[in-house]
Amino acid sequence: MTTDVTGLHEEFDGERLPPGQRKTERFPVLSKSGTPDWNPETWKFEVWGAVEEPLSFSHEEFAELDSVTQRQDFHCVTGWSKFDCEFTGVTFPHLADLAGVEDDAVHVMFHALDGYTTDLALSDCSREEVMFVHEYDGEPLPADHGGPLRVVTPHKYAYKGAKWVTGVEFLTEPERGYWEKRGYSVTANPWAEERYS
Ligand SMILES: Nc1nc2c(c(=O)[nH]1)N[C@H]1C(S)=C(S)[C@@H](COP(=O)(O)O)O[C@H]1N2
Ligand SMILES: [Mo]
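This one's a predicted model, so the numbers in the text were calculated from it and none came from an experiment.

(A) Just the pattern of salt bridges, in detail. Across all of its chains, the model carries 12 salt bridges by this definition. The shortest N-O distance in the salt bridge between arginine 176 and aspartate 119 comes to 3.0 Å. Within this pair, whereas arginine 176 is found in the loop between β12 (165–171) and α4 (178–181), its partner aspartate 119 is found in strand β8 (residues 117–121), the two being separated by 57 residues in sequence. Residue classification places arginine 176 among the partly exposed positions, given a relative accessible area of 36%. Overall, aspartate 119 belongs to the buried group, its relative accessible area being 0%. Residue arginine 127 pairs with glutamate 129 through a salt bridge whose shortest N-O separation is 2.5 Å. Given a relative accessible area of 17%, arginine 127 falls into the buried group.

(B) Quick peek at the environment of tryptophan 48. Structurally, tryptophan 48 can be placed in strand β3 (residues 44–49). Classification of tryptophan 48 by relative accessible area gives partly exposed; the value is 31%. As a C-alpha pair, tryptophan 48 and alanine 99 span 51 residues in sequence and 8.3 Å in three-dimensional space. In contact with tryptophan 48, not counting residues within four places along its chain, are His111, Gly167, Val168, Glu169 and Phe170.

(C) Up close: the site of ligand 1. Near ligand 1, the surroundings consist of 20 residues, among which Pro28, Lys32, His145, Arg150 and Lys163 are the closest. Proline 28 places a main-chain nitrogen or oxygen 2.6 Å from an oxygen atom of ligand 1. Take histidine 145: an N or O atom from its side chain is 2.6 Å from an oxygen atom of ligand 1. About the coverage of ligand 1: the protein hides 98% of its 530 Å² of free accessible area. Residues belonging to the shell around ligand 1 are distributed by class as follows: 13 nonpolar, three polar and four charged.

Conventions and cut-offs
- Residues numbered from 1 in each chain as written.
- Chains lettered and ligands numbered in written order.
- Predicted model: local features only at pLDDT ≥ 70, side-chain atom pairs only at ≥ 80, totals over all residues.
- Heavy atoms only, no water.
- Salt bridge = Lys/Arg side-chain N within 4 Å of Asp/Glu carboxyl O.
- Helix = DSSP H or I, 4+ residues; strand = E, 2+ residues; numbered from the N terminus.
- Buried < 20%, exposed > 50% of the residue type's maximum accessible area, 1.4 Å probe, protein only.
- Contact = heavy atoms within 4.5 Å.
- Near = heavy atom within 4 Å.
- Polar contact = N/O pair within 3.5 Å; in protein donor to acceptor, adjacent residues only side chain to side chain.
- Areas by Shrake-Rupley, 256 points an atom, 1.4 Å probe, with all protein chains shown as cover.
- Nonpolar A, V, L, I, M, F, W, Y, C, P; charged D, E, K, R; others polar.

As structure tokens, then:
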């Protein structure tokens, strides 16, 4: 079953195509550096910080978590949007429940294999459409698009979705990620054109 969340722009009082974006049929690849190698034997995904139960999953263990499939739009801050991506993965709220988020957690940092980081308020992550994705259009997520595992954030510009994600850190005070340190918006709402801060 596929849940269609391409209508979420209504919540932000915007059109499906956010202002200043153009629609592309391709799925461009955008990375700060190249596509990192990963080893299925040693790959780990970890949850730590302000949680009751820090978690660590092998690739096999992560694959056993409950997955859902959603149809989502994807908005890159450089100006392209791709509609109707089918992503399969584990929702952020499900993973947060497994770890038990502490009451004083307010912010989240995502960590990735290429050294990329990105930060987002916990309230912006606690949504069913924020997912840890391992399949795209029914196939294993291609390495260029962040395989084996990436985050997607259809209500935010796509730099909030860490490719090659290896961990989630729950923070009691906001910290800044890779692009956020370089002047990109922390909140990144495409319908308010929050590109820079
Ligand atoms: N680990 C990592 N994740 C990343 C990036 C990156 O450089 N490294 N780039 C971000 C940016 S700016 C965008 S637009 C999307 C691009 O995803 P795509 O290459 O699948 O289109 O990934 C985001 N996640
Ligand atoms: Mo981007």
